[in-house]
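# Observations on chain architecture
The chain contents come next:
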Amino acid sequence: MISIRLQNRRRLLRCTLCGREILSGEEYWACSGCLACGECLPVLARRELAPCREVCGEERSI
């Protein structure tokens, strides 16, 4: 009988904004094909929400 041991390979994830490895058990955010670590979340949020940005006194009319 041949015994086959499967190695428990972990999937390597990297933040697409800063390139840092996202470690097992660490939070990350996936949005529009981008993976963001906790440190880059504000950058990702600003990027994704840019079309919704308004400036008080300069609101766009529909």
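Here we summarise the structure given alongside this text. Remember, predicted model here, so these are calculated numbers, not experimental data.

Parameters at a glance
- Residues numbered from 1 in each chain as written.
- Predicted model: local features only at pLDDT ≥ 70, side-chain atom pairs only at ≥ 80, totals over all residues.
- Heavy atoms only, no water.
- Core = buried A, V, L, I, M, F, W, Y, C linked by side-chain atoms within 4.5 Å.
- Buried < 20%, exposed > 50% of the residue type's maximum accessible area, 1.4 Å probe, protein only.
- Helix = DSSP H or I, 4+ residues; strand = E, 2+ residues; numbered from the N terminus.
- Contact = heavy atoms within 4.5 Å.
- Pairing = 2+ DSSP bridges.
- Salt bridge = Lys/Arg side-chain N within 4 Å of Asp/Glu carboxyl O.

### So, the nonpolar core
- Counting nine residues, the largest nonpolar core consists of Leu13, Cys15, Ile22, Cys34, Leu35, Ala36, Cys37, Cys40 and Leu44.
- Sorting elements by how many residues they give to this core places strand β4 (residues 34-37) first, with four residues.
- Excluding residues that lie within four positions of it along the chain, Leu44 makes contacts with Leu17, Trp29, Cys31, Cys34 and Ala36.

### Topic: the pairing of strand β3 (residues 28-31)
- As judged from the four bridges shared by β3 and β4, these two strands associate in the antiparallel manner. Within β4, the residue paired with Ala30 across the bridge is Leu35.
- What sits between the antiparallel neighbours β3 and β4 is a turn of two residues, in which Ser32 has the positive phi angle 50°.

### Some points on the pattern of salt bridges
- In this structure the tally under the stated criterion is one salt bridge.
- Of the charged contacts in the structure, one is a salt bridge between Arg20 and Glu26, with a shortest N-O distance of 2.5 Å.

### Quick word on the environment of Cys31
- Position of Cys31 among the secondary structure elements: in strand β3.
- The exposure class assigned to Cys31 is partly exposed, which follows from its relative accessible area of 28%.
- For Cys31 and Leu44, which are 13 residues apart along the polypeptide, the C-alpha to C-alpha distance reads 8.2 Å.
- Not counting chain neighbours up to four residues away, the residues in contact with Cys31 comprise Leu44 and Glu48.

### Re unusual backbone geometry
- Although it is not a glycine, Ser32 sits at a positive phi angle of roughly 50°.
- You can see Ser32 is positioned in the loop between β3 and β4.

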